[in-house]
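Residue-level structure breakdown
Residues per chain are reported as follows:
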Amino acid sequence: MGEQTSPRKLPVPGRRNILITSALPYVNNVPHLGNIIGCVLSADVFARYCRLREYNTVYICGTDEYGTATETKAMEENCSPKEICDKYHAIHKEVYNWFNISFDEFGRTSTPQQTEICQSIFHRLMENKCLSENTMQQLYCETCQRFLADRFVEGTCPIAGCNYESARGDQCEKCGKLLNPTELNDPKCKVCRNTPCIRDTDHIFLDLPLLSDKVEKYVNEMSVVVPHDKYKDKVFYVWFDAPIGYISITACYTPDWEKWWKDPDNVELYQFMGKDNVQFHTVMFPSTLIGTGENWTMMKTISVTQYLNYETGKFSKSKGIGVFGNDAKDTNIPADVWRYYLLTNRPEVSDTLFTWVDLQAKLNSELLSNLGNFINRVLSFVAKPPGIGYDLVIPDASNAESHQLTKVLAENVAKLIDQYLDAMEKVKLKQGLKTAMSISTEGNGYLQESQFWRLYKKDPSSCAIVMKTSVGLVYLLACLLEPFMPSFSSEVLGQLNLSPEVHLSFNDEKGDVEKAKRPWDLLPSGHKIGKPEPLFKELKDEEVEFFRQKFAGSQADRITKAEADPQRIAEQLETTKITG
């Protein structure tokens, strides 16, 4: 789906104005499934939910193109940093389009707006004496004749019990601890692999102790050149520069960006990220904004994910381990199935594990046997010709409230709707999805208990109530599941012969929520539905085993394997189409 093409939205007085950001992905590799669920997909679900509720919502993201991660990748691929940025920005955009991520703006940090806003914030901090100059020790490579930025250093993690041998100079990928390059054991220059020495060098620091009282109060309530003559040879640290990308990308979205970013009374800022980014968003970025003395829109809610691990180890961009965005597309498994699986497995409290067998179980038992089965049973019965069905026309159902089984169903569904809304407002996305799926489970139980196939001849009025109510539940599921599975939702609305633009709303002010608690009233009698089709297909054991083998090891291992036996892999992929 990609970026929204509607007119540029600005905050509206009296409405809920929601500004959503997702952590900006580095442009040094293809995003893997852990990256996607960690921020971009999670933020997309919340943005879609907010639009469903008709809040005034803008979702901002883009590629982070400064920093040594870009430079090291450019050296690996023997090209310029700009060429790397252009290449991977396009790849990221393509992957997110395939996953149906609905950004309002997907930009990049290598823009004039980023330079202007970043330097403006720096100048304000200087004027307010929130920056201090200090001499620090930094690793210097005499072979390369340069001071080594954090990511140009690798060594053994000094944290007791970790001892990871490929720890970066800024952070250990294994234990997650923040590091200084000088703390690493046996450090090596990533370029020439020689051991660097330690030298003194001058830097400018954000004076966090000076700002600590204001930052604490806020928390309790809730390479651009440095424009300074002495530091012309220095650039901004990536974690000073990168979060400002949210602001500059909004400035690319609208020249009136300050109406979003400098109106804390009317704009609610929600930020989505992985656990390794928390300290930068809760201390460094707020401190930077507070230090300017300006009235910035500050983060109201932070939504953090733990790590999604892969089969027997950890997803790793640098090592090429796991399923990457382009891999998911190549499996022929629909994007909505991936979205559903990643969201049911969202690592909200602790790390979770991706396994192919678990994906198969979720698809076959939850999407196919529960959700798909319920919708298909209902619509197929309505579509049957007169004498055995309703010839595609939703029947009249008077006095549905007095039908005891339907009344009990409505009470249960009403509770689930309230639980869904409560979970989603609190950004408990996994719970929201589970609750929505429970409505499908209720629907299946309702169909079984009513024995509608017998009622058709035996008690036509009761059968009409059951079927009209069930069609209403189908519509309700299309609404509530749209944030999670937008293509599924569009397909269901198509089978109901409804337009998504006109019908997809869950707005309190319009009475949508209360109406949904009377599912027999959701769609009118006499409405003609479309043609029912199966929504999901089974993922078989042999396909699962094929994928486990195909995506084992690193990306480099897979390329070697594919080159050795390209014909077999092509034939297997051709037969694996799990389309809905």
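Residues numbered from 1 in each chain as written. Predicted model: local features only at pLDDT ≥ 70, side-chain atom pairs only at ≥ 80, totals over all residues. Heavy atoms only, no water.

As for its position among the elements, Asn309 is in strand β12 (residues 308–310). Setting aside residues no more than four positions away along its own chain, Asn309 makes contact with Lys314, Phe315, Asp351, Thr352, Leu353 and Phe354. (Helix = DSSP H or I, 4+ residues; strand = E, 2+ residues; numbered from the N terminus. Contact = heavy atoms within 4.5 Å.)

Turning to the nonpolar core, a few remarks are in order. What tends to happen in soluble globular proteins is that the nonpolar side chains get buried as a cluster. Counting residues in each nonpolar core, the largest one holds 152 residues, and the members touching the most others are Leu33, Phe354 and Leu496. The element contributing the most residues to this core is helix α15 (residues 460–480), with 14 residues. Those residues within four positions of Leu33 in sequence are excluded, and the remaining contacts are Phe99, Leu308, Phe315, Val323, Ala328, Trp338, Leu342 and Phe354. One finds Leu148, Phe152, Val153 and Cys157 within the second-largest nonpolar core, a separate group that totals 13 residues. (Core = buried A, V, L, I, M, F, W, Y, C linked by side-chain atoms within 4.5 Å. Buried < 20%, exposed > 50% of the residue type's maximum accessible area, 1.4 Å probe, protein only.)

The subject of this paragraph is the side chain of Thr292. With respect to the helices and strands, the residue Thr292 is situated in the loop between α8 (278–291) and β11 (299–305). Here Thr292 falls in the buried class, since its relative accessible area comes to 0%. Within the structure, the side chain of Thr292 is placed 2.6 Å from the backbone oxygen of Leu289, a separation counted as a polar contact. At a separation of 2.9 Å, a polar atom in the side chain of Thr292 contacts the side chain of Trp296. In contact with Thr292, not counting residues within four places along its chain, are Ile121, Arg124, Leu125 and Asn128. (Polar contact = N/O pair within 3.5 Å; in protein donor to acceptor, adjacent residues only side chain to side chain.)

Below, the discussion takes up the domain arrangement of the chain. Domain boundaries in the chain define domain 1 (17–127 + 211–336), domain 2 (131–205), domain 3 (355–528) and domain 4 (540–575). Each of domain 2 and domain 3 was reduced to a C-alpha centroid, and the two centroids are 57 Å apart. (Domains from an automatic or database assignment.)

A complete count under the given rule lists zero disulfides for this structure. Unpaired in this structure, Cys192 has its nearest cysteine sulfur neighbour in Cys141, at a distance of 3.5 Å. Cys479 takes part in no disulfide bond, and the closest cysteine sulfur to it belongs to Cys50, at a distance of 15 Å. We classify Cys479 as buried; its relative accessible area is 1%. (Disulfide = S-S within 2.5 Å.)

For the rest of this paragraph, the subject is the environment of Phe381. Examined against the element boundaries, Phe381 turns out to sit in helix α11 (residues 356–383). On the accessibility criterion, Phe381 (6% relative accessible area) is buried. Through-space distance from the C-alpha of Phe381 to that of Leu455 is 12 Å; in sequence the pair is 74 residues apart. Not counting chain neighbours up to four residues away, the residues in contact with Phe381 comprise Ile388, Gly389, Tyr390, Phe452, Trp453, Tyr456, Cys463 and Met467.

Taken in spatial order, the three strands of this open sheet run β13-β12-β14, and their pairing is mixed. Looking along the sheet, the strands with just one partner apiece sit at the ends: β13 (313–314) and β14 (352–354). Across three bridges, β12 lies against β14 in parallel orientation. Directly across from Tyr310, in β14, lies its bridge partner Phe354. (Pairing = 2+ DSSP bridges.)

Packing of helix α5 (residues 208–221) against α8 brings their axes to within 9 Å, and their N-to-C directions diverge by 100°. One way to sum up the angle between α5 and α8 is to call them roughly perpendicular. Residues Leu208, Leu211, Lys214, Val215, Tyr218 and Val219 of α5 form the contact with α8, whose participating residues are Thr282, Val283, Pro286, Ser287, Ile290 and Gly291. Class assignment for the residues of the contact of α5 with α8 results in eight nonpolar, three polar and one charged. (Axes fitted to C-alpha atoms, helices over the stretch in contact; angles between N-to-C directions. Parallel < 35°, antiparallel > 145°, perpendicular 65-115°, else oblique. Nonpolar A, V, L, I, M, F, W, Y, C, P; charged D, E, K, R; others polar.)

Moving on, we come to the packing of aromatic side chains. Counted under the stated rule, the structure contains 27 aromatic pairs. Judged by centre distance (5.7 Å) and plane angle (80°), the ring pair of Trp338 and Trp356 falls under edge-to-face. With Trp338 in helix α10 (residues 335–344) and Trp356 in helix α11, this residue pair connects regions lying 18 residues apart in the sequence. Accessibility expressed as a relative area gives 0% for Trp356, which makes it buried. Aromatic pair Phe381 and Tyr390: ring centres 6.1 Å apart, planes at 65°, arrangement edge-to-face. One cation-aromatic arrangement involves Arg16 over Tyr55; the distance from NZ or CZ to the ring centre is 4.5 Å. (Phe/Tyr/Trp six-rings, centres within 6.5 Å; stacked < 30°, edge-to-face > 60°. Lys NZ or Arg CZ within 6 Å of the ring centre and 35° of its normal.)

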